[in-house]
Amino acid sequence: MKNLSNFNLLIIILLFSSCRQQPFTGTVHIIPYPNQIAIGTQYRPIGKNLSIYLSPESGMDKDYIEDLLSDTGVKCKFTNFKWIADLTFDIKPDTIGLEGYRLVSNDYGTKITASDTKGLFYGLQTFRQLITSQNNTLVIPFVEIADSPKFLWRALMLDEGRYFKGKEEVKKLLDEMARLKMNTFHWHLTDDQGWRIEIKKYPLLTEKGAWRTFNSHDRSCMKSAKSEDNPDFLIPENKLRIVEGDTLYGGYYTQEDIKEVIEYAKVRGIDIIPEIDMPGHMLAAVSNYSGVACTDKVGWGTTFSSPVCPGKESAMEFCKNVYSELIDLFPYKYVHIGGDEVEKANWKKCPDCQKRMRDNHLKTEEELQSWFIHDMEKFFNAKGKEMIGWDEIIEGGLSPTATVMWWRSWAKDAPAKTTQQGNSIIFTPNGQFYLDYQEDKNSVRNIYNFNPAIEGLTSEQQALVKGVQGNIWCEWIPSRERMQYMAVPRLLAIAELGWSQPSQKNWNDFAQRMANQFERLNIMGINYRIPDLEGFHRNNAFIGEGTVKVTCLDPNAEIHYTTDGSTPTLQSPKYEGPIQVKETTDFTFRTFRPNGKAGDISRTRFIKSEYAPATTVTPSAKGLQAEWYEFKGNKCADITKAPLNGTYPIEKVMIPEKAKGNIGLVIKGFINVPKDDIYTFALLSDDGSTLVIDGEQVIDNDGPHGPREVIGQKALSKGYHPIEVRYFDQNGGQLKMTVTGTEGNEIPASDLYAN
């Protein structure tokens, strides 16, 4: 970043210029927050007509500017005379670095300068967020901003293989990305459940591969629509058609549609990275063309679908022909090959695959997958493209030009392995960045506080981290409304993580700025998720009399509740202040947006309690005992039905180091509490977990799910109490429990557990 030698002088000018007006009394709620900003005490009114000057080399799109500012009521008038303009855009080489900008607003108007068009575009986004109302007048504060991004890869992925969205829905998503200064759209266009892009050489890919009869995802979504009273789970009727009496779901993009979306994104400063996942996740292709899979008998194996056959020349030709058409459409540096989750059982039995292995001196099917990836990469390079793949591509070695997308949170060595070889990496670990995972009160904070500076990497390795990306996998996201709900407001945190310097980050400040964005989102009709209600846990203990005190970060949300187990409606009692409880009571809360749209349902129990007596048993050792079972199920109660692999001492609630693969844990021991108190237990797991204390279940976090924390309370007398934690996962999960007393201080694990 260029040295800002005059920055302090400009601050002084801003503070003392133009005493003719009333002081600026508003606040600035920009997301992502600028890296250097000085806000003056005065403001400049913005009239109904805003004169705008664009320098000839600015590259800015007039129609987009008018559209962006239209919701303020301002009408844009473009002028060729810079000196009379209220808002000017100028390219000035070496202004502040790639995609950076300077914005100065004072008595003379607002001036935005940058080294490139993207920088001017991001200055425009900041200008829009600065516009506010004071004394019933639109104003912009006097301000000096010098801003540039931390990362040049600030991305969002949308999976359309599972559920097709259509170009208008994608455009709306691109609009929101642009407002948040995100510059890369990763487009997952094919998967087992659907092929979404026209390939002219292979018309069956869309004639048949783009359509399906209802599958387990569809049935699950329709069930959720009913059980959760949520129409966002309904399958959109405009994506259905009747063929020979069968109802089929699907849709696809013509190549002209693709060109239209690319042009739309270009105006908004967004590059599009296409992905056709291979050699796995190709059922929509191998089902329709012979000679692409190992045999014509295709379907689902133990875990994943029949993959492409890397031993057949016909299969390799098919893959390259598909990508040839894709590459001709997308004018960008990168293509994404996927390369994840490949079931290789067919390859072991396939004579063509085995011959390919012998001819190329490959010892394992994993090496055969690497051969396939490398062969495709050579093809991409010959076409002038570079390849991105999910982090499984590390396993067979990386070419100098390959970029790795780190998604497996449990593959903690992926950043080091990638950057040690001099390759670039993009961070999108599933624990934080998979936006299909159900959100809880920690989700946005966990993204915001994610540290891309991985311990142990040198400065040279850290420089190879290209940026961060959120992923919207759509197995259970059938509609635009559900997509928006799952992405926003987490998208705001990803945007700020990718843009703002660590020194500018402050969670409490961000949370307040996020809260002030909700009104804009309501006006724009974006179906964002109202943040979790706070002030209670899943189970809450009280002695004598309890108080139910509920808060919500969204100032526009209305809260209604019931105590009879029924789902709250707008006709249910409205929460307007603390509620006193003298007996055990079940509450069901639900939030509603200003348009009446219902949000999440929150169920909580307030339990009238007495302090549970401590056991008379005196444990002899510190820590806990963990039994590891070879468990493949999805309910904690069934864990002990599986074969026992071994028993391991652990110091706290955690996954033993030796437990890998199919994990079912039963953790036993005692918890030693220091005094009579109401204790709060926070159990985080991916997948399911349960907590039992003194033979009573305190937390039920069971079932398959992504990272989710459930909190419960129990009143305990001083001393030892028997506990049991159960947990399962089959794909690299996580397990953690913290314990706090009423004072809010976490009790150290070293003093807590015994067996």
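Residues numbered from 1 in each chain as written. Predicted model: local features only at pLDDT ≥ 70, side-chain atom pairs only at ≥ 80, totals over all residues. Heavy atoms only, no water.

**Q** So what exactly am I meant to see when it comes to the overall build of the protein here?
**A** From N to C terminus, the protein includes 19 helices and 37 strands. Taking 2.2 N^0.38 as the reference for a compact globule, 755 residues should give roughly 27 Å; the C-alpha atoms of the protein span a radius of gyration of 28 Å, in line with that estimate. Summarising its shape, the C-alpha atoms of the protein cover approximately 85 × 75 × 60 Å along the three principal directions. Scored against the burial criterion, the 755 residues of the protein give a buried share of 58%. (Helix = DSSP H or I, 4+ residues; strand = E, 2+ residues; numbered from the N terminus. Rg over C-alpha atoms; globule rule 2.2 N^0.38 Å. Buried < 20%, exposed > 50% of the residue type's maximum accessible area, 1.4 Å probe, protein only.)

**Q** Please clarify how the pairing of strand 24 (residues 558-562) should be interpreted in this entry.
**A** For a regular strand, side chains alternate in direction, first toward one face of the sheet and then toward the other. Within strand 24, four of the five residues are buried, which leaves it mostly tucked inside the rest of the structure. Note that strand 24 and strand 26 (residues 585-592) share five bridges and pair antiparallel. Within strand 26, the residue paired with Tyr561 across the bridge is Phe589. (Pairing = 2+ DSSP bridges.)

**Q** How should I be thinking about a negative patch on the surface in this particular structure?
**A** Residues Asp61, Asp63, Glu66, Asp67 and Glu263 make up a contiguous surface patch of negative charge. Among the elements that take part in the negative patch, helix 2 (residues 62-69) stands out by supplying three residues, more than any other. Looking at where Glu263 falls in the secondary structure, it is placed in helix 7 (residues 255-267). Glu263 sits in the partly exposed class, given a relative accessible area of 45%. (Patch = residues over 30% accessible without salt bridge, like charges linked within 9 Å, V, L, I, M, F, W, Y side chains within 5 Å. Areas by Shrake-Rupley, 256 points an atom, 1.4 Å probe, with all protein chains shown as cover. Salt bridge = Lys/Arg side-chain N within 4 Å of Asp/Glu carboxyl O. Lys, Arg positive; Asp, Glu negative; His and termini not counted. Charge placed at Lys NZ, Arg CZ, Asp CG, Glu CD.)

**Q** Sorry, what's going on with unusual backbone geometry here?
**A** Leaving glycine out, the prevailing phi sign among residues is negative, and the prevailing peptide bond configuration is trans. Residue Pro279 is bonded to the preceding Met278 through a cis peptide linkage, with omega at 10°. Along the chain, Pro279 turns up in the loop between strand 16 (271-275) and helix 8 (283-286). Note the cis peptide between Val488 and Pro489, where omega equals 20°. Inspection of the secondary structure assignment puts Pro489 in the loop between helix 17 (480-487) and helix 18 (490-499). Look at Asn136: it is not a glycine, yet its phi comes out positive at around 60°. A positive phi is found at His361, a non-glycine position, where the angle reads about 55°. Topologically, His361 is positioned in the loop between helix 11 (351-359) and helix 12 (365-382).

**Q** Looking at this model, I keep getting lost on the pattern of salt bridges. Mind explaining?
**A** Where charged atoms from two side chains of opposite charge approach closely, those side chains can pair. Summed over the entire model, instances satisfying the criterion amount to 43 salt bridges. In this structure, Glu475 engages Arg162 in a salt bridge whose closest nitrogen and oxygen atoms are separated by 3.4 Å. One end of the pair, Glu475, is in the loop between strand 21 (465-472) and helix 17; the other, Arg162, is in the loop between strand 9 (153-159) and helix 4 (167-179), and 313 residues separate them in sequence. Exposure class is identical for Glu475 and Arg162. Each is buried. Of the charged contacts in the structure, one is a salt bridge between Lys259 and Glu256, with a shortest N-O distance of 3.2 Å. Within this pair, Lys259 and its partner Glu256 are both found in helix 7, separated by three residues, close to a single helical turn. Taken together, the salt bridges that share partners define one network made up of Lys167, Glu168, Lys171, Asp257 and Glu260.

**Q** What's the story with the environment of Phe233 in this structure? I'm lost.
**A** Tracing the sequence through the fold places Phe233 in the loop between helix 6 (216-227) and strand 14 (240-243). Accessibility expressed as a relative area gives 5% for Phe233, which makes it buried. Remark: the alpha-carbon pair of Phe233 and Lys223, spanning 10 residues in sequence, is separated by 8.3 Å. With residues near it in sequence (within four places) discarded, Phe233 still touches Cys221, Met222, Ser224, Ala225, Glu228, Trp476, Pro478 and Arg482. (Contact = heavy atoms within 4.5 Å.)

**Q** Is there a simple way to explain the side chain of Thr738 in this structure?
**A** The topology assignment puts Thr738 in strand 36 (residues 734-740). Using a relative accessible area of 18% as the deciding quantity, one classes Thr738 as buried. The contact partners of Thr738, leaving out residues within four places of it in the chain, are Thr680, Phe681, Ala682 and Glu746.

**Q** What am I meant to see in the packing of helix 4 against helix 19 (residues 507-524) here?
**A** Angle between the axes and distance between the axes are the two parameters that describe a pair of packed helices. Contact geometry of helix 4 with helix 19 gives a least axis separation of 13 Å together with a crossing angle of 155°. Classified by the interaxial angle, the pair formed by helix 4 and helix 19 is roughly antiparallel. In this structure, the crossing between helix 4 and helix 19 has a hand that is right-handed. Contacts from Lys172, Glu176 and Arg179 in helix 4 reach Arg520, Leu521 and Met524 in helix 19. Grouping the constituent residues of the contact of helix 4 with helix 19 by class yields two nonpolar, no polar and four charged. (Axes fitted to C-alpha atoms, helices over the stretch in contact; angles between N-to-C directions. Parallel < 35°, antiparallel > 145°, perpendicular 65-115°, else oblique. Left-handed = near helix turned anticlockwise from the far one by under 90°. Nonpolar A, V, L, I, M, F, W, Y, C, P; charged D, E, K, R; others polar.)

**Q** So what exactly am I meant to see when it comes to helix 4 here?
**A** Because each turn of an α-helix spans 3.6 residues, side chains separated by three or four positions in sequence point in the same direction. Here helix 4 contains 13 residues, and its C-alpha end-to-end distance of 18 Å stays within 8% of the 18 Å for a straight helix at 1.5 Å per residue. Counted residue by residue, helix 4 has 10 buried out of 13 residues, so it is predominantly covered. Listed as buried for helix 4 are Glu169, Val170, Lys171, Leu173, Leu174, Asp175, Glu176, Met177, Ala178 and Arg179. Immediately downstream of helix 4, the backbone of Lys181 shows phi near 65°, a positive value. (Expected span 1.5 Å × (residues − 1).)

**Q** Looking at this model, I keep getting lost on the packing of aromatic side chains. Mind explaining?
**A** In this structure the tally under the stated criterion is 34 aromatic pairs. Judged by centre distance (5.7 Å) and plane angle (45°), the ring pair of Phe185 and Trp187 falls under tilted. Of the two residues, Phe185 and Trp187, neither departs from the other in class, the shared state being buried. Measuring from centroid to centroid gives 6.1 Å for Tyr434 and Trp473, while their planes differ by 50°, and the two rings are tilted. Of this pair, Tyr434 sits in the loop between helix 14 (430-433) and helix 15 (443-448) while Trp473 sits in the loop between strand 21 and helix 17; the two residues are 39 residues apart in sequence, bridging distant segments of the chain. (Phe/Tyr/Trp six-rings, centres within 6.5 Å; stacked < 30°, edge-to-face > 60°.)

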